[in-house]
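Coordinates in review
Spelled out, the chains give:
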Amino acid sequence: MEDTRDLAERTPRSERKRRDSFGMFDGYDSCSEESTSSSSSEDSEDEVVPSIPANLPIIKNNGQVYTYPDGKAGMATCEMCGMVGVRDAFYSKTKRFCSVSCSRSYSSNSKKASILARLQGKPPTKKAKVLQKQPLMAKLAAYAQYQASQQNQAKSKAAVAADSFDWGHYICNNNTEGAPVSCFKHAPMGTCWGGIAEGVRLEIINSDTNLSTKVYWIAEIVKLAGFKALLRYEGFDGDNSKDFWSNICVPEVHPVGWCASSGKPLVPPKSIQHKYSNWKAILVKRLTGAKTLPPDFNTKVHENMQFPFKKLMRVEVVDKNYLCRTRVALVEQVIGGRLRLVYEESEDGSDDFWCHMYSPLIHNIGWSRSIGHRFKRSDVAKKMDGQLDAPPQLFQKVRDVDQSGDWFKDGMKLEAIDPLNLSAICVATVRKVLADGYVMIGIDGSEALDGSDWFCYHSTSPSIFPAGFCEINEIELTPPRGYTKLPFKWFDYLRETSSIAAPVKLFNKEVPNHGFRPGMKLEAVDLMEPRLVCVATVTRIVHRLLRIHFDGWEDEYDQWVDCESPDLYPVGWCQLTGYQLQPPAAQSNRDVAASVPKQKKKATPYKGQKKKSTLRLKEEAAEVDDFTFSQTISDQESNGSGSYYIKQEP
């Protein structure tokens, strides 16, 4: 990258323009020799920009240069809380904080903050001032390299462009809302989304201009849907004719004040350029006290897009053909935290499996042996160059449990989401108790004789439930295949099979305040075809359980998914990470396999009698002395409310 100072020295002084701390030009016509020579040494090293036409109303500004006594001009952003205000009203000589409180809070961790500020190219403290020039240039070079690498990755993908589906148009036409990013703790920015909401201002590329050079303007978030925001340029007020959608985690979006610190021009849209004669005064008035993105927003986005799994790392993953066992697989590709794993014995690399790095389906090498899980040994005798076992700390941890005393036992009955038909919750049986809280589960009435379709669940898994869960929460329970005594009654079934139900206390009853609501849009993995991420809707919420509907597809393809599943993502996740998003299936070609990559199941899943089974507790009171069902709240589909349990009385 060519040094900015060298460019400035080769550029005539008449073409250099001074910007205030909005990044707005003080004079597009030209700057006089006197005004240029009187500027500070820092101003003389500003990035050189192409000349801008002199017919914009912002240029003359009544012939006055808008500056403050400290030599800086325009607005400032508090480095502690992100508040935007007039620079002259800020606290301290350096004008870095909006109040004494922010200054003191910042000082409590001053060393770390000072380093971070220099890396971000912010005005440093006096002690650090001599260190600014090189880190800023290094940062710009690194950032340019990062952008180039992202573009190269996007070009190398064989799939259709990830942003081919217009989320903004889809949300507006259907008058729906997207689930907030804070609902997805595993997604980038999921834990640091903070106060990003409607009304927040930011700086973004101005597309409403005839200028050949890239210029910016301030915009306000009008509507937020996941990573996507409906933006309105400052100055349009109630006029929505130029509103546009943008992913606010892309490199072109910045907090207010970025243009000033980076030497980028702020130019009003051509549609409203004549609306005000003094744009600076308007911005000062409107932005004072307004909220903007955190100063380190772009840095956080970049950090959140780094993933620990690397190509050729070895892991243990469930065998997609025999769910009861695991196999060794190699990480072939990492996109947004999702891993394309190729089974180690696959010669051509086509035998693969997609999952998230936090999926409960993948484990470190040696996990199966440590808990007693079935494992298929690889015929590959020697590791290839570059292969290494993924470190155990990279995998999602499960809660420690005490298996002594009253614990799961072989033959106990429960309810479980069928891993081969995720739209159904079925009658199930504990088939084998493993170590570290894991159990093997089989679906009653449809198990293979060799147990090849048993599935491993941890005792804290949100996909297994005590007997009676579906009845209490008005969910259709799928009875065992071939069971003719319908409607299904747990009491009769336990008596007929000489079985006992797993104790309720062994199940996970925690319900986080997840934030989902019915009708929210999101991007969800089709777990029956886990390479696909589809446009989806939350249609029902039962405690922490979400019913996910794939837009454009019949309800029979719906899936029950936990609210903290790593296979759910905010609107705009695919665009941000470069993953291919599957749009809603068109009504006319849902069943045409050639035009829709989402595949239907080979056989219609058994769902038992369509009529929901009911338990007439009062009528059967004399026969059910050993079970008492209780429900503490009527609204079982509220967010994090209600509880369910079955009391087993001696």
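Residues numbered from 1 in each chain as written. Predicted model: local features only at pLDDT ≥ 70, side-chain atom pairs only at ≥ 80, totals over all residues. Heavy atoms only, no water.

Points about the overall build of the protein
- Scanning the protein from N- to C-terminus turns up 15 helices and 27 strands.
- Counting the 650 residues in the protein, one finds 51% classified as buried.
- Within the protein, contacts between residues separated by at least 24 positions form 63% of all contacts whose residues are at least 6 apart in sequence.
- Carbon and sulfur atoms provide 50% of the accessible area of the protein, an area that totals close to 31,300 Å². (Helix = DSSP H or I, 4+ residues; strand = E, 2+ residues; numbered from the N terminus. Buried < 20%, exposed > 50% of the residue type's maximum accessible area, 1.4 Å probe, protein only. Contact = heavy atoms within 4.5 Å. Areas by Shrake-Rupley, 256 points an atom, 1.4 Å probe, with all protein chains shown as cover.)

Describing the pairing of strand 4 (residues 216–225)
- Here strand 4 lies mainly inside the structure; 7 of its 10 residues are buried.
- One ladder, built from 5 bridges, connects strand 3 (residues 201–205) with strand 4; its direction is antiparallel. Within strand 4, the residue paired with isoleucine 205 across the bridge is tyrosine 216.
- Judged from the 6 bridges that link them, strand 4 and strand 5 (residues 228–233) form a sheet pairing that is antiparallel. Considered in strand 5, the bridge of lysine 223 is made with leucine 230.
- Once strand 4 ends, the chain turns through 2 residues before running back antiparallel as strand 5, passing glycine 226 with a positive phi of about 65°. (Pairing = 2+ DSSP bridges.)

Some remarks on the sheet that holds strand 6 (residues 244–247)
- As summarised here, the arrangement of the 4 strands in space is 3-4-5-6, forming an open sheet in which the pairing is antiparallel. Both outer strands of the open sheet, strand 3 and strand 6, are each paired with one neighbouring strand and no more. Along the sheet, successive strands turn relative to each other by an average axial angle of 50°, direction set aside.
- Of the strands in this sheet, strand 4, strand 5 and strand 6 are in contact with helix 8 (residues 167–174), which crosses strand 6 at around 125°. (Axes fitted to C-alpha atoms, helices over the stretch in contact; angles between N-to-C directions.)

Considerations on helix 8
- Regarding helix 8, the residues found buried are Trp167, Gly168, Tyr170 and Ile171. All buried residues of helix 8 lie within an arc of 165° about the axis, which places them on one face of the element.
- In this structure, the buried side of helix 8 is in contact with strand 4, strand 5, strand 6, strand 20 (521–525), strand 21 (533–542) and strand 25 (581–582).
- The backbone nitrogen of glycine 168 lies 3.2 Å from a side-chain oxygen of the residue at the head of helix 8, namely aspartate 166.
- Asparagine 175 lies just past helix 8 and shows a positive phi near 50°. (Arc of directions from axis to C-beta. Polar contact = N/O pair within 3.5 Å; in protein donor to acceptor, adjacent residues only side chain to side chain.)

A closer look at the nonpolar core
- Counting 56 residues, the largest nonpolar core has Phe309, Leu341 and Ile425 as the members making the most contacts within it.
- With 7 residues, strand 15 (residues 421–433) is the single largest residue contributor to this core.
- Residue contacts for isoleucine 425: discarding those within four places in its chain leaves Glu415, Ala416, Ile417, Phe465, Cys470, Ile475, Glu476, Leu477, Thr478, Leu545 and Trp560.
- With 54 residues, the next largest nonpolar core counts Tyr233, Val256, Val301 and Val571 among its residues. (Core = buried A, V, L, I, M, F, W, Y, C linked by side-chain atoms within 4.5 Å.)

Here we look at the side chain of aspartate 208
- Mapped onto the elements of the fold, aspartate 208 is located in the loop between strand 3 and strand 4.
- Buried and unpaired, aspartate 208 has no salt bridge, with lysine 242 as the nearest side chain of opposite charge at 4.5 Å.
- Reaching out from aspartate 208, the side chain makes a polar contact with the side chain of serine 271 at a distance of 2.6 Å.
- With sequence-adjacent residues up to four places away left out, aspartate 208 is seen in contact with Tyr233, Phe236, Lys242, Pro269, Lys270 and Ser271. (Lys, Arg positive; Asp, Glu negative; His and termini not counted. Salt bridge = Lys/Arg side-chain N within 4 Å of Asp/Glu carboxyl O.)

In short, geometric facts, not functional conclusions.
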